[in-house]
Amino acid sequence: MRIPKKRLRSGFEMPVFGIGTWKVGGGAVRDPLNDDKKDIDAIKWAVAMGVSHIDTAEIYADGYAEILVGKAVRGVKRERLFIVSKVAPQNLTYDGIISSARGSIGRLGVKYLDLYLIHAPNPGIPMRESMRAMDSLMEQGLIRNIGVSNFAPGRLEEAQSHTKNRIVANQVHYNLIVREAERKGVLRHCQDNDIMLIAYRPVELGRLARPGIPLLDGMAGKYGKSQAQIAINWLISQPSVVTLSKTSNINHLMENLGAVGWGMENSDVETLRASFPGQQAVSDVAPLM
Ligand SMILES: NC(=O)c1ccc[n+]([C@@H]2O[C@H](COP(=O)([O-])OP(=O)(O)OC[C@H]3O[C@@H](n4cnc5c(N)ncnc54)[C@H](OP(=O)(O)O)[C@@H]3O)[C@@H](O)[C@H]2O)c1
């Protein structure tokens, strides 16, 4: 299937839906008992189904997730893919970023990354130094775009003031339950400043992918979609928002792909925003800094 893209006024564009790789190959460290074939097959299947946006990070399974992604995409035309990786906050010195990017590119077996994100801010390392490294990676052609993750608007503006390139994306924890991006003004900031908000954890690890929440069940019934499809579609129905979900289950992947290519009425987007029960004001993964 063709996954639509969203385009910013600057011309930057990326698919509205992609796949994540947190828990591919392990967790914070590599799991020696991991079923690598299952992870690789899930990514291959997603790519065969039309997914191009693949999100990973140097810290996922301590680099092993990137190796598995690399194995899964070997032989796929590079321009068919939109590969995103992230530099860990402890590596944000100039030399740290250059070496982390080279490491990710090597493990993935590609020549460049479509988007490289600072995984989270590190107030202990000067932003000017980090952004100088990001600019250098752009000049070397190792990355095509610069982004950040888990950044509050003020810090994103600070980062932008230290680079001559545009920061095109901020990847944050955002879904029907976790609303920090709204409360701390990230959504508005992204929409007003031509920045893509990449919403991670769209189905909140499956909590939003099952019946039991009457408002979600009602919307699922109205649109003839599943709960997960409503949760994902709610995100991408909003201007400047795209999302990515991780699944190693082919049925879940097909379900999640069924969240794209149609739209909810705006009034329903707003009803879900205002009335969804149990909203959390702060992320329990990475509070915005
Ligand atoms: N920048 C950051 O700090 C940050 C933080 C967290 C995540 N991320 C990125 O965002 C990606 C997505 O977030 P996430 O993986 O944390 O959360 P998620 O996509 O909301 O949830 C993934 C979990 O939900 C299950 N799932 C997915 N679709 C489902 C469906 N249709 N029905 C039932 N269960 C379903 C998956 O299990 P199955 O495999 O069994 O389907 C998996 O356990 C990550 O993989 C990672 O790449 C970034």
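Structure's up top.
The paragraphs below set out a description of the structure included in this document. All figures in this text were calculated on a predicted structure; none of them were measured in a lab.

**Details of the overall build of the protein chain**
If you tally the helices and strands in the protein chain, you get eleven helices and ten strands. Principal axes of the C-alpha set define a box for the protein chain whose edges measure 50 × 40 × 35 Å. Relative to its 289 residues, the protein chain shows a buried fraction of 46%. When contacts within the protein chain are restricted to residue pairs at least 6 apart in sequence, those whose partners lie at least 24 apart make up 76%.

**Re the packing of helix H2 (residues 64-73) against helix H3 (residues 94-108)**
Running from N to C, H2 and H3 cross one another at 40°; their axes reach a closest spacing of 7 Å. If you check the angle between H2 and H3, you find them oblique. From H2, Glu66, Ile67, Val69 and Gly70 reach across to H3, where they touch Ser104, Arg107 and Leu108. Residues of the contact of H2 with H3, tallied by class, amount to three nonpolar, two polar and two charged.

**Some details on the environment of Ala259**
Along the chain, Ala259 turns up in the loop between helix H10 (250-257) and helix H11 (266-275). You can call Ala259 buried: it has 25 C-beta atoms within 10 Å. Distance in space between the C-alpha atoms of Ala259 and Ile236 is 8.9 Å, their sequence separation being 23 residues. Sequence-distant contacts of Ala259, that is, excluding residues within four places in its chain, are made with Phe17, Ala228, Gln229, Ile232 and Asn233.

**Examining the nonpolar core**
Ranked by size, the top nonpolar core spans 86 residues in total, and within it Tyr116, Met196 and Leu197 carry the most contacts. With residues near it in sequence (within four places) discarded, Met196 still touches Lys6, Leu8, Phe12, Met14, Val168, Ala169, Cys190, Ser240 and Val242.

**So, the packing of helix H1 (residues 36-48) against H2**
Packing of H1 against H2 brings their axes to within 9 Å, and their N-to-C directions diverge by 50°. Accordingly, the angle class assigned to the pair H1 and H2 is oblique. Between H1 and H2 lies a crossing of right-handed hand. Listed contacts from H2 to Asp36, Asp39, Ile40, Ile43, Lys44 and Val47 of H1 are Leu68, Val69, Lys71, Ala72 and Val73. The class makeup of the residues in the contact of H1 with H2 is seven nonpolar, no polar and four charged.

**Notes on the site of the ligand**
Near the ligand lie 28 residues; those nearest to it are Gly20, Tyr200, Ala209, Lys246 and Thr247. At the level of secondary structure, the elements contributing two or more residues to the shell around the ligand comprise strand S10 (241-245) and H10. Counting residues per element, the shell around the ligand draws most heavily on H10, which supplies three residues. Classifying every residue of the shell around the ligand by side-chain character gives ten nonpolar, 13 polar and five charged.

**Overview of the pairing of strand S9 (residues 196-200)**
Most of S9 is tucked away: five of the five residues are buried. Covered by surrounding structure in S9 are Met196, Ile198 and Tyr200 together with Leu197 and Ala199, the residues of both alternating faces. Across five bridges, the pairing between strand S8 (residues 167-173) and S9 is parallel. Counted as the bridge partner of Gln171 is Ile198 from S9.

**Concerning the environment of Glu182**
By the element assignment, Glu182 lies in helix H6 (residues 180-183). Considered as a pair, Glu182 and Ala259 are 77 residues apart in the sequence and their alpha carbons are 22 Å apart.

**Here we look at the environment of Ile250**
Here Ile250 lies in helix H10. Residue Ile250 is classed as partly exposed on the basis of its 13 C-beta neighbours within 10 Å. Sequence separation between Ile250 and Pro123 is 127 residues, and the spatial gap between their C-alpha atoms is 40 Å.

**Thoughts on unusual backbone geometry**
Although it is not a glycine, Glu204 sits at a positive phi angle of roughly 45°. Assessed through the 16 C-beta atoms surrounding it within 10 Å, Glu204 is described here as partly exposed. Of note in the backbone geometry, Leu205 takes a positive phi value of approximately 55° without being a glycine. Tracing the chain through its elements places Leu205 in the loop between S9 and helix H8 (214-223).

What counts and how
Residues numbered from 1 in each chain as written. Predicted model: local features only at pLDDT ≥ 70, side-chain atom pairs only at ≥ 80, totals over all residues. Helix = DSSP H or I, 4+ residues; strand = E, 2+ residues; numbered from the N terminus. Buried ≥ 20, exposed ≤ 12 C-beta atoms within 10 Å, placed from the backbone. Contact = placed C-beta atoms within 7 Å. Axes fitted to C-alpha atoms, helices over the stretch in contact; angles between N-to-C directions. Parallel < 35°, antiparallel > 145°, perpendicular 65-115°, else oblique. Nonpolar A, V, L, I, M, F, W, Y, C, P; charged D, E, K, R; others polar. Core = buried A, V, L, I, M, F, W, Y, C linked by C-beta atoms within 7 Å. Left-handed = near helix turned anticlockwise from the far one by under 90°. Near = placed C-beta within 6 Å. Pairing = 2+ DSSP bridges.

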